[in-house]
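Tertiary structure, described
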Amino acid sequence: MPTMWLSDSQKIGVAFCSGGGFFLIGGVVLFFDRAMLAMGNILFLIGLTIIIGPAKTLLFFARKQKAKGTAAFFAGLALILLKWPLIGFLVELYGIFILFGDFLGTIAGFARNIPVIGPYIGLLVDRSGLGRRNAELPV
């Protein structure tokens, strides 16, 4: 089996991010359960910090170009913790789209290689124009 290019600590970070994603999906499925959404956000932030390191994480969120996305993400997290889970999730989703929107082309390119549904995803990507973005990497 081929080895991954991630170090052991980065693999743990991927596990935290995946757990955060599962908690976020679970929180949405359970009608915006506040505890699940908050746990998903915390796990995602911990995982991101472990994957790219604390200094790069701080630089990523503190970039001037990403200030609007950072403010929306953390405002959404605060709204979730202040018992406004639906509005907080929507605000946070906007922040995530602003922060990680540059990755959509990369994710779409990866999704084209999925065996059965890849060609259909490629068709959707070509129609929406996600694959043609020439944005710089955020890290």
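As the structure is a computational prediction, the values presented were derived from the model and not from experiment. In this convention, every chain numbers its residues from 1, walking through the sequence in written order. Residue-level local features of this predicted model are given only where pLDDT is at least 70; pairs of side-chain atoms are given and counted only at 80 or more, and the full residue set underlies all totals for whole chains, interfaces and linings. As a rule here, side-chain values cover all heavy atoms of the structure and leave hydrogens and water aside.

**Focus: the overall build of the protein**
Helix and strand counts for the protein come out as seven helices and zero strands. Numbering of helices and strands runs from the N terminus; a helix is a DSSP stretch of H or I covering at least four residues, while a strand is a stretch of E covering at least two. Each helix and strand of the protein, ordered N terminal to C terminal, gives the series α-α-α-α-α-α-α. Residues counted as buried form 32% of the 139 residues belonging to the protein. Contact criterion: two residues are considered in contact whenever any of their non-hydrogen atoms come within 4.5 Å of each other. Considering only intrachain contacts with a sequence separation of at least 6, the fraction spanning at least 24 residues in the protein is 55%. Computed with the Shrake-Rupley method and a 1.4 Å probe, the accessible areas treat only the protein chains shown as cover for residues. Put simply, the protein shows about 9,200 Å² of open surface, and 74% of that area lies on carbon and sulfur atoms. Whether a residue is buried, partly exposed or exposed follows from its accessible area with a 1.4 Å probe, protein chains only, as a fraction of its type maximum: under 20%, in between, or over 50%, in that order.

**Points about the UniProt feature "transmembrane region" (unreviewed entry) in the protein**
UniProt positions are given in the numbering used here, feature names are shortened, and annotations may be inferred rather than shown by experiment. If you check UniProt for "transmembrane region" (unreviewed entry), the listed places come out as residues 12-32, 38-62 and 69-87 in our numbering. From the first C-alpha to the last, residues 38-62 spans 22 Å; its make-up is 96% helix and 0% strand. Split by type, residues 69-87 is 84% helix and 0% strand. Its first and last C-alpha atoms lie 16 Å apart.

**Brief notes about the packing of aromatic side chains**
Pairing of aromatic rings covers Phe, Tyr and the six-membered ring of Trp, with a centre-to-centre limit of 6.5 Å; geometry is then stacked below 30 degrees between planes, edge-to-face above 60, and tilted otherwise. Summed over the entire model, instances satisfying the criterion amount to eight aromatic pairs. Pairing Phe44 with Phe100 gives two aromatic rings, centres 5.9 Å apart and planes at 80 degrees, and the pair type is edge-to-face. Within this pair, whereas Phe44 is found in helix α2 (residues 34-52), its partner Phe100 is found in helix α5 (residues 85-100), the two being separated by 56 residues in sequence. Since its relative accessible area comes to 16%, Phe100 is described here as buried. An aromatic cluster is defined as three or more aromatic residues linked by ring pairs; in this entry it consists of Phe44, Phe60, Phe61, Phe73, Phe74, Phe100 and Phe103.

**Re the pattern of salt bridges**
Criterion for a salt bridge: a side-chain nitrogen of Lys or Arg within 4 Å of a carboxyl oxygen of Asp or Glu. Counted under the stated rule, the structure contains one salt bridge. Close ionic contact of Lys66 with Asp102 constitutes a salt bridge, the shortest N to O distance being 3.0 Å. Of the two residues, Lys66 sits in the loop between α3 (54-62) and α4 (67-81) while Asp102 sits in the loop between α5 and α6 (104-111), which places them 36 residues apart along the sequence.

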